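Spelled out, the chains give:
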Amino acid sequence: MNTGNLSTKRLAQRLADLTSELLENCQLKIERTAERLNLTVAEFRLLQSMRNNKVLPAGELAKRIGVSSSRLTRILDGLVAKGFVCREVGKKDRRVVDVMLTAGGEKVQAELKTIYLQSHQEIVDLLPPEAEESVIFAIEKLGDAMKEWIKQ
C-alpha cells in the first residue's frame, strides 16, 4: 500500500471516521437491546458469545468477551440469579467450570436473535434497493481486510 498517496490518506481518515461512528452506533444498539432484555451490557455480550454453544468452559467465555476471571464470575453471578445460566464442575477436568445455558437462557438468546434481526432489517429497509448488494460486498471485504491486518 502506498501510504504517501494523499488520496490513500484521505480514504484512511474517512474509513477511520466511519468505523468509529459505526462502532458507537453498534454500542448504542447493544445497550438498548440489553436494557430491553433486562440485562447488563456484559451479560448481553456473554449470552451473545454463547449463541453457537449451549456449554462453554468459563475460561473460554472470559477470552471471548475479553474480561478477567473475577469479572466473569460477577457477570455469571448475575446470569445465574436471573436463571439464564448455570455452572458445573467440568466432567473431564475438575479444575474447569463449565457454563451452561438454561431453558431461560435459551429463550433470552432467541429473543436477542429476533431483536437483532429485526433491527438489521430496519437498517436494510433504509437502504436504496440498488445499494443493498454493494453494502454487503463492501462490509465483507472490509471484514476480510481487517482479519488480514490483525494477523500482521
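Small disclaimer: the values here were computed from a predicted structure and weren't measured. (Residues numbered from 1 in each chain as written. Predicted model: local features only at pLDDT ≥ 70, side-chain atom pairs only at ≥ 80, totals over all residues. Heavy atoms only, no water.)

Caption draft 1: Region of interest: the pattern of salt bridges. One pass over the full model with this rule turns up 7 salt bridges. Note that Lys91 and Glu88 form a salt bridge whose closest N and O atoms lie 2.5 Å from each other. In this structure, Lys151 and Glu148 form a salt bridge, with 3.3 Å as the shortest nitrogen-oxygen distance. Taken together, the residues span about one helical turn, with Lys151 and Glu148 both in helix α6 (residues 132–151) at a distance of 3 residues. (Salt bridge = Lys/Arg side-chain N within 4 Å of Asp/Glu carboxyl O. Helix = DSSP H or I, 4+ residues; strand = E, 2+ residues; numbered from the N terminus.)

Caption draft 2: Looking closely at unusual backbone geometry. Of note, the phi angle at Asn38 is positive, near 60°, even though the residue is not glycine. With respect to the helices and strands, the residue Asn38 is situated in the loop between α1 (6–36) and α2 (41–49).

Caption draft 3: Examining the confidence of the model for the protein chain more closely. On average, residues of the protein chain carry a pLDDT of 90, and 97% of them reach 70 or more. For the protein chain, the element scoring lowest by mean pLDDT is α6, at 89; helix α4 (residues 69–81) scores highest, at 96. (pLDDT = per-residue confidence, 0-100.)

Caption draft 4: Focus on α2. Within α2, 7 of the 9 residues are buried, leaving the element largely enclosed by the surrounding structure. Turning to α2, its buried residues are Ala42, Glu43, Phe44, Leu46, Leu47, Gln48 and Ser49. (Buried < 20%, exposed > 50% of the residue type's maximum accessible area, 1.4 Å probe, protein only.)

Caption draft 5: Main features of the sheet that holds strand β3 (residues 97–101). Strand order in the open sheet formed by 3 strands is β1-β3-β2, and the pairing between neighbours is antiparallel. The sheet is open, and its two borders are formed by β1 (55–57) and β2 (85–89), each paired with just one other strand. For this sheet, the mean angle separating the axes of adjacent strands, direction not counted, is 30°. The sheet contact formed by β2 and β3 spans 5 bridges and is antiparallel. Bridging from a neighbouring strand, Val89 pairs with Val97 of β3. Along the sheet, α4 contacts β2 and β3; its crossing angle with β2, the most-contacted strand, is approximately 120°. (Pairing = 2+ DSSP bridges. Axes fitted to C-alpha atoms, helices over the stretch in contact; angles between N-to-C directions. Contact = heavy atoms within 4.5 Å.)

Caption draft 6: Layout of α4. A rise of 1.5 Å per residue sets the reference length of α4, with its 13 residues, at 18 Å; its end C-alpha atoms lie 18 Å apart and thus fit the reference within 8%. For α4, the full list of buried residues reads Leu72, Ile75, Leu76, Gly78 and Leu79. Buried residues of α4 fall within an arc of 155° about the axis and therefore sit on the same side. Looking at the packing, one finds that the buried side of α4 touches α2, α3 (58–65), β2 and β3. In the segment just after α4, Gly83 is the residue with positive phi, at about 80°. (Expected span 1.5 Å × (residues − 1). Arc of directions from axis to C-beta.)

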